[in-house]
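The residues making up each chain are set out below.
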Amino acid sequence: MAQQQKPPGMPQRTWRELLWTQGQFDHEEAVREINQRWKEPRVCPVCHQNNWAVSPEIVRLWTARLKNAYPCVNMVCQNCGHTMLFNAAVLNLLPEGKS
């Protein structure tokens, strides 16, 4: 699935809400936020490579009793498949009032 580009002139708030209804987030913003927080070296703890891809869709991590779900950004090592999840709310990727 190709990442969507924000239409010129569309407010960021509107863009986030549109993407949220499709189960997505602003891919460029997510990469920027992760890069800002994830300090070097950014290597995979399994294979020690640095070849990551960020999935374009929100992943919901459900609690054991299925009462709550945490919206996450999914990063996958393209060498070995090791997967990491970043909380989309902590990365400030969600529309206002969503969690």
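So, how was this worked out
Residues numbered from 1 in each chain as written. Predicted model: local features only at pLDDT ≥ 70, side-chain atom pairs only at ≥ 80, totals over all residues. Heavy atoms only, no water. Helix = DSSP H or I, 4+ residues; strand = E, 2+ residues; numbered from the N terminus. Buried < 20%, exposed > 50% of the residue type's maximum accessible area, 1.4 Å probe, protein only. Contact = heavy atoms within 4.5 Å. Areas by Shrake-Rupley, 256 points an atom, 1.4 Å probe, with all protein chains shown as cover. Core = buried A, V, L, I, M, F, W, Y, C linked by side-chain atoms within 4.5 Å. Pairing = 2+ DSSP bridges.

**Q** Looking at this model, I keep getting lost on the overall build of the protein. Mind explaining?
**A** Across its full length, the protein holds two helices and four strands. Secondary structure of the protein in N-to-C order comes out as α-α-β-β-β-β. Here the protein, with 99 residues, has 34% of them falling under the buried criterion. Taking the intrachain contacts of the protein between residues at least 6 apart in sequence as the baseline, contacts between residues at least 24 apart amount to 49%. Carbon and sulfur atoms make up 50% of the accessible area of the protein, which totals about 6,500 Å².

**Q** Help me understand the nonpolar core in this model?
**A** What tends to happen in soluble globular proteins is that the nonpolar side chains get buried as a cluster. Residues Phe25, Trp52, Val73 and Leu93 are the most contacted members of the largest nonpolar core, which totals 18 residues. Secondary-structure elements contributing two or more residues to this core are helix H2 (27–37), strand E1 (52–54) and strand E3 (69–77). Sort the elements by how many residues they give to this core and E3 lands first, with three residues.

**Q** Would you mind showing me how to read the pairing of strand E2 (residues 59–62) here?
**A** A regular strand places its side chains on the two faces of the sheet in alternate fashion. For E2 and E3, the ladder comprises four bridges, and the chain directions are antiparallel. Opposite valine 59, over in E3, you have cysteine 72 as the bridge partner.

Everything listed here is a matter of coordinates, which is why it stays silent on function.
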